Amino acid sequence: MLKEDYIVRKERWARKMAGKKEPLVRSTNRLPPGQREVHNFPILDLGLQPDVQLDKWELKIHGHVENPVTINWAQFTALPQFTDTSDFHCVTTWSQFDMKFTGVAFFTLADLVKPKPSATHVFFKSYDGYSTNNPLDVCMDDDVLVAHSWNGQPISKAHGGPARVIIPKRYAWKGAKFIREITFLDRDILGFWEVRGYSNTADPWTDDRFS
Ligand SMILES: Nc1nc2c(c(=O)[nH]1)N[C@H]1C(S)=C(S)[C@@H](COP(=O)(O)O)O[C@H]1N2
Ligand SMILES: [Mo]
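Residues numbered from 1 in each chain as written. Chains lettered and ligands numbered in written order. Predicted model: local features only at pLDDT ≥ 70, side-chain atom pairs only at ≥ 80, totals over all residues. Heavy atoms only, no water.

Glancing now at helix α1 (residues 3–17). Look at α1: 21 Å from first C-alpha to last across 15 residues, which is about the 21 Å you get at 1.5 Å a residue. When we look at burial in α1, the residues that qualify are Arg 9, Trp 13 and Lys 16. Take α1 and look down its axis: the buried residues cluster within an arc of 50°, on one side only. Seen from the open side of α1, the exposed residues pointing more than 90 degrees away from its buried face are Lys 3 and Glu 4. Buried-residue contacts for α1 involve β4 (82–89), β5 (94–105), α3 (106–113) and α4 (136–139). (Helix = DSSP H or I, 4+ residues; strand = E, 2+ residues; numbered from the N terminus. Expected span 1.5 Å × (residues − 1). Buried < 20%, exposed > 50% of the residue type's maximum accessible area, 1.4 Å probe, protein only. Arc of directions from axis to C-beta. Contact = heavy atoms within 4.5 Å.)

What follows is the structure, encoded as structure tokens:
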């Protein structure tokens with residue numbers, strides 16, 4: 001990512017953190033090609049929803065970073081909190097608008113572990129055995145977070161609680177539910193769906209579903 005792009009994104013995020021964001025003015029065309037709007041927040045998983053107790057929950061963040069950490073629930077929820085409203089696009093053609101997620105911004109987690117210059121990609125692993133991958137610059141945006149709440153309520157087990165990753169600019173499979181481990185890498189490694197024929201770039205606006 002260009003240094004200028006990074007600074008612009010982080011400034012945008014800082015305004016959100018300070019509560020100074022202007023009211024959202026969204027495009028009237030919010031539905032990416034091939035999608036239909038839903039209101040019932042469908043559930044998609046691998047058929048198993050791991051029962052992770054909060055006192056056993058841990059998030060390991062490591063790899064090409066200066067300061068690897070494993071944080072427990074109390075440490076995670078003590079980090080600066082971030083709420084953002086975004087649209088959610090599943091590759092199976094449903095989209096739901098105005099999803100209000102609260103948690104910890106990816107910028108905050110990156111500031112905590114300090115990625116080394118060699119870090120170019122991020123690999124996410126979940127408690128259900130799921131995994132997915134993204135370029136670092138996709139994660140370093142003002143709308144990316146590890147969420148523990150949806151519309152003010154704790155995220156249910158079915159929707160990936162205790163905590164899940166939200167990456168609004170990508171199809172939703174790029175955001176791991178039941179998040180357990182975040183690894184900064186110096187190369188790309190494909191995740192669960194990416195090795196099974198799904199697009200590695202997953203951009204809803206270009207109908208970029210399969211590889
Ligand atoms: N751990 C995990 N994360 C996952 C999945 C999964 O099966 N396991 N499914 C992905 C897919 S395909 C989508 S569309 C969204 C669905 O989130 P939801 O069930 O809350 O709608 O989670 C994504 N993250
Ligand atoms: Mo999906």
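With that settled, the discussion passes to the sheet that holds strand β2 (residues 58–63). The strand order across the open sheet formed by 5 strands is β3-β2-β11-β6-β7, and the pairing between neighbours is mixed. The sheet terminates laterally at β3 (69–72) and β7 (131–135), the two strands that pair on one side only. When strand polarity is set aside, the average angle formed by the axes of neighbouring strands in this sheet is 15°. Examined bridge by bridge, strand β6 (residues 121–126) and β7 share 5 bridges and lie antiparallel to one another. Following the sheet pairing, Lys 125 is matched in β7 by Ser 131. Where α3 meets the sheet, it contacts β2, β3, β6 and β11 (179–185), and its direction lies at approximately 60° from that of β11. (Pairing = 2+ DSSP bridges. Axes fitted to C-alpha atoms, helices over the stretch in contact; angles between N-to-C directions.)

The next thing to look at is the site of ligand 1. Pro 42, Asp 128, His 159, Arg 164 and Lys 177 are the nearest of the 20 residues found near ligand 1. For ligand 1, an oxygen atom lies 2.6 Å from a polar atom in the backbone of Pro 42. Within the backbone of Leu 46, one N or O atom sits 3.3 Å away from an oxygen atom of ligand 1. Notes on ligand 1: free accessible area 530 Å², of which the protein chains cover 97%. Split by residue class, the shell around ligand 1 holds 13 nonpolar, 3 polar and 4 charged. (Near = heavy atom within 4 Å. Polar contact = N/O pair within 3.5 Å; in protein donor to acceptor, adjacent residues only side chain to side chain. Areas by Shrake-Rupley, 256 points an atom, 1.4 Å probe, with all protein chains shown as cover. Nonpolar A, V, L, I, M, F, W, Y, C, P; charged D, E, K, R; others polar.)

Before going further, it helps to spend a moment on the pairing of β6. Within β6, 5 of the 6 residues are buried, which leaves it mostly tucked inside the rest of the structure. Connecting β6 to the next strand, β7, in antiparallel fashion are 4 residues, including Gly 129 with a positive phi near 90°. Here β6 runs beside β11; their pairing, made up of 6 bridges, is antiparallel. Of the residues in β11, the one forming a bridge with Val 122 is Phe 184.

Attention shifts here to the environment of Ile 7. Position of Ile 7 among the secondary structure elements: in helix α1. Ile 7 sits in the partly exposed class, given a relative accessible area of 39%. Between the C-alpha atoms of Ile 7 and Asn 67, which are 60 residues apart in sequence, the distance is 22 Å.

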